[in-house]
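So you can see what is in the structure, the chains are spelled out below.
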Amino acid sequence: QRAMLKHLLMIALPVERRRAALTALFEKHVGSAALWADRWYLRCGDALSMQSMGHTIGAHGYTHEPLAALTPADQRAELQRVAGLLNERLGAAARPVSYPYGSFDEDTMAACREAGFAHAFTTERKWLTDNREPLRLPRVDTIFRGSRVLPSMMVYCGGQ
């Protein structure tokens, strides 16, 4: 049921209607998005510290829109924006990206190459056995129960 609701909200609803509905629901039931962002997301200083210890910090979109639902120009803008922010705040590096909702197409992969992403992860559930397509890598996601993989963390680079 949760997966179906997420699909309806994030894929089926038009972007502006979804944003309005989710903003209203969040404010009514949770509170200020800005306040919760400070509580839920790492700050850039924390990400820099993790990076200095050997962690790879990648992207998951700037607005977290399903990329294949965007025009090719909007995909390029989305990926350039997040790549630029990461490079500005964390330093230039060959970074991975994980496609929001697993949504990608040939235009998305071209936009990833243009933005300088080295690898991209899909939501295809399988072990990597062939890495000839670095912008179409499968993964074992932490959402699946019983996973021994540690959950990834979201980074909020809007603050200090």
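Heads up: these notes are all about the structure in this document. Since this is a predicted model, take the numbers as computed values, not measurements.

1. Observations concerning the nonpolar core
Counting residues in each nonpolar core, the largest one holds 19 residues, and the members touching the most others are Leu79, Val97, Tyr99, Cys112 and Phe117. Secondary structure elements with two or more residues in this core: helix 5 (72-90) and helix 6 (106-115). Broken down by element, this core gets its largest block of residues, five residues, from helix 5. Look past the residues within four positions of Val97 in its chain and what remains in contact with it is Ala59, His60, Leu79, Cys112, Phe117, His119, Ala120 and Phe121.

2. Examining the environment of His64
Among the structural elements, His64 can be located in the loop between helix 4 (44-52) and helix 5. A relative accessible area of 25% places His64 in the partly exposed class. Linking His64 and Glu78, residues 14 residues apart in sequence, is a C-alpha distance of 9.0 Å. Setting aside chain neighbours within four positions, we find His64 in contact with Glu78, Pro100 and Tyr101. A polar contact of 3.0 Å, which involves the side chain of His64, links it to the side chain of His60. In this structure the side chain of His64 is engaged in a polar contact, spanning 2.8 Å, whose partner is the side chain of Tyr101.

3. Looking at the side chain of Arg18
Take Arg18: it is sitting in helix 2 (residues 15-29). Of note is the side chain of Arg18, whose polar atom sits 3.0 Å from the side chain of Glu65.

4. Quick word on the environment of Thr71
Positionally, Thr71 belongs in the loop between helix 4 and helix 5. Placed 36 residues apart in sequence, Thr71 and Asp107 show a C-alpha to C-alpha distance of 8.6 Å. In terms of polar contacts, Thr71 uses its side chain to reach the backbone amide nitrogen of Asp74, at 3.0 Å.

5. Section: the sheet that holds strand 2 (residues 119-125)
Pairing is parallel across the open sheet formed by three strands, whose spatial order is 1-2-3. The open sheet has two free edges, formed respectively by strand 1 (96-98) and strand 3 (137-139), since each of these has just one partner strand. Going from strand to strand, the sheet's axes swing by 40° on average, the running direction of each strand aside. Alignment of strand 2 against strand 3, held across two bridges, turns out to be parallel. Counted as the bridge partner of Phe121 is Leu137 from strand 3.

6. Examining helix 6
Thr108, Met109, Ala111, Cys112 and Ala115 are the residues of helix 6 that are buried. Taken around the axis of helix 6, the buried residues stretch over an arc of 160°, which confines them to a single face. More than 90 degrees from the buried face of helix 6, the exposed residues found are Glu106, Arg113 and Glu114. Where helix 6 is buried, its residues meet helix 5 and strand 1.

Reading the values: rules and limits
- Residues numbered from 1 in each chain as written.
- Predicted model: local features only at pLDDT ≥ 70, side-chain atom pairs only at ≥ 80, totals over all residues.
- Heavy atoms only, no water.
- Core = buried A, V, L, I, M, F, W, Y, C linked by side-chain atoms within 4.5 Å.
- Buried < 20%, exposed > 50% of the residue type's maximum accessible area, 1.4 Å probe, protein only.
- Helix = DSSP H or I, 4+ residues; strand = E, 2+ residues; numbered from the N terminus.
- Contact = heavy atoms within 4.5 Å.
- Polar contact = N/O pair within 3.5 Å; in protein donor to acceptor, adjacent residues only side chain to side chain.
- Pairing = 2+ DSSP bridges.
- Axes fitted to C-alpha atoms, helices over the stretch in contact; angles between N-to-C directions.
- Arc of directions from axis to C-beta.

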